Amino acid sequence: MVNVNEASVSGNSVIIDSGDFHGRVYGTNVGLIDSSLNNKVVKLSASANVYFNGGTVSDSIVGVGASVTANNGLRGFDVFGEASGKVYMNGGKVNEDIVAVDMTVASYSDDNNDKTISKGNGSVFMTDGQVNGDIHGAFITALTPFKNNANMSGTGYIEVSGGQIGGNIYGFTIIGGPDGEANFTGSVSIFNDVTFSGELFGVNVIETPSGHYQLFSGNTLSMGAKPLELSRLGNFENYNFYLNSHNQSIVYNHDDTNSHTALIKVTTELVNTDTAGPNGKIANVSNIQLSGISGENIINKGQSLILLDVTGADLTQDSYSNEVKLNTMFNLPI
């Protein structure tokens, strides 16, 4: 930590082709704390990339670790934090998580006119290898004990086209936030042969912001992998499914009375988190479609397929007051 009012780190790249690493691997890890009564602006920016092609990491891989804290008591000030990171995994083993951006922003002030602005943009691209923990495009923790003008935003993107994932996949994860605005987008693309059975969310909410927030609009799941069975799924506005040679086994004849496999089976819960605006909460509704078919003789006349199966799973749509059904969570022609 350095007791200054501004710090910037950019352009770092870490490339790992082999070897055993004990502890975390960072593209960059920077923290700034300001306790001065004189600095009116506290600002941190950081960016980095990590390329992991082989080897073993005993803990996690983090593209950018960043924390910015303003702690100057009763004096007014503005806090700005911005981080951008990417992690490319093409092989090897990670025993814990992959996080493209892991950012904490804290401002301790009693001045309602103070500003706290944080932006986090992170992407993870995985083609092979093994991750025993979770994958986060970006992870933001907001620690703001007093009310102030907070504006938190960011995007997270995860693309998986191979490998094994033992935990969960979250496009974006947030913890908390003060009164103010929070706008986050998380998207995930999964193709080819992927081993994964955890939770899959566009935006994962550990602690809901106390002000206005939008955690749903634009979140997109693109799914063209072999069939997956997931425990929980949610917070995607758009579900785009792709039929190809990796998942054509889900196609069945109309007269086949046996049980059938869906492209995604959800066992525990399907979730749509509300949007909280100035006039209250709004229940969000998703779109679902078969967006593409590639290959020869993938599906023929007289055949059907199931894109999403939530039989037996709970349906959660926060502010919807009546019984939640699929046609309240999705724009469906039924």
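Residues numbered from 1 in each chain as written. Predicted model: local features only at pLDDT ≥ 70, side-chain atom pairs only at ≥ 80, totals over all residues. Heavy atoms only, no water.

Remarks on the overall build of the protein chain
Each helix and strand counted, the protein chain has one helix and 28 strands in total. In the protein chain, buried positions account for 49% of the 334 residues. Expressed as a percentage of contacts within the protein chain between residues at least 6 apart in sequence, the contacts between residues at least 24 apart total 79%. Split by element, the accessible area of the protein chain, about 14400 Å² in all, is 44% carbon and sulfur. (Helix = DSSP H or I, 4+ residues; strand = E, 2+ residues; numbered from the N terminus. Buried < 20%, exposed > 50% of the residue type's maximum accessible area, 1.4 Å probe, protein only. Contact = heavy atoms within 4.5 Å. Areas by Shrake-Rupley, 256 points an atom, 1.4 Å probe, with all protein chains shown as cover.)

Observations concerning the packing of aromatic side chains
We describe a pair of aromatic rings using the distance from one ring centre to the other and the angle between the two ring planes. Under the defined criterion, the tally for this structure stands at eight aromatic pairs. Centre to centre, the rings of Tyr88 and Phe125 are 5.1 Å apart; their planes meet at 15°, and the pair counts as stacked. Placement of the pair is Tyr88 in strand 7 (residues 78-94) and Phe125 in strand 9 (residues 115-131), with a sequence separation of 37 residues. Linked through ring pairs, Tyr51, Tyr88, Phe125 and Tyr157 together constitute an aromatic cluster. (Phe/Tyr/Trp six-rings, centres within 6.5 Å; stacked < 30°, edge-to-face > 60°.)

Section: unusual backbone geometry
With glycine set apart, most residues show a phi of negative sign, and most peptide bonds adopt trans. The phi torsion at Asn192 lies on the positive side, around 70°, for a residue other than glycine. The exposure class assigned to Asn192 is partly exposed, which follows from its relative accessible area of 30%. Its identity is not glycine, yet Asn235 carries a phi of approximately 60°, on the positive side. Among the secondary structure elements, Asn235 is positioned in the loop between strand 19 (228-234) and strand 20 (238-243).

Considerations on the environment of Tyr157
Relative to the assigned elements, Tyr157 resides in strand 11 (residues 149-160). Sequence separation of Tyr157 and Gly202 is 45 residues, and the distance between their C-alpha atoms is 8.7 Å. Here Tyr157 is in contact with Gly122, Ser123, Val124, Phe125, Gly137, Gly171, Ser187 and Ser189, once residues within four sequence places are set aside.

Considering the pairing of strand 10 (residues 135-143)
Burial of strand 10 is extensive: eight of the nine residues sit out of reach of the surface. Sheet topology note: the strand 10/strand 13 (residues 169-175) ladder contains six bridges and is parallel. The residue of strand 13 that forms the bridge with His136 is Tyr170. (Pairing = 2+ DSSP bridges.)

Describing the side chain of Asn244
Within the element layout of this structure, Asn244 appears in the loop between strand 20 and strand 21 (252-253). When sequence neighbours within four positions are dropped, the list of residues in contact with Asn244 reads Gly224, Ser294 and Ile298.

Quick word on the confidence of the model for the protein chain
With 85% of its residues at a pLDDT of 70 or more, the protein chain shows a mean pLDDT of 86. Averaged pLDDT values for the elements of the protein chain fall to 78 in strand 23 (residues 275-277) and rise to 98 in strand 12 (residues 163-165). (pLDDT = per-residue confidence, 0-100.)

Observations regarding the pattern of salt bridges
Following the criterion strictly, the structure yields five salt bridges and no others. In this structure, Asp59 engages Arg24 in a salt bridge whose closest nitrogen and oxygen atoms are separated by 3.5 Å. Pair noted here: Asp59 is in the loop between strand 5 (56-57) and strand 6 (61-70) and Arg24 is in the loop between strand 2 (20-21) and strand 3 (25-34), with a separation of 35 residues, a long-range link. Owing to a relative accessible area of 27%, Asp59 belongs among the partly exposed residues under this scheme. Given a relative accessible area of 41%, Arg24 falls into the partly exposed group. Note that Glu199 is salt-bridged to Arg232, the shortest N-O span being 3.2 Å. Note that Glu199 is positioned in strand 16 (residues 199-207) and Arg232 in strand 19, a separation of 33 residues in sequence. (Salt bridge = Lys/Arg side-chain N within 4 Å of Asp/Glu carboxyl O.)

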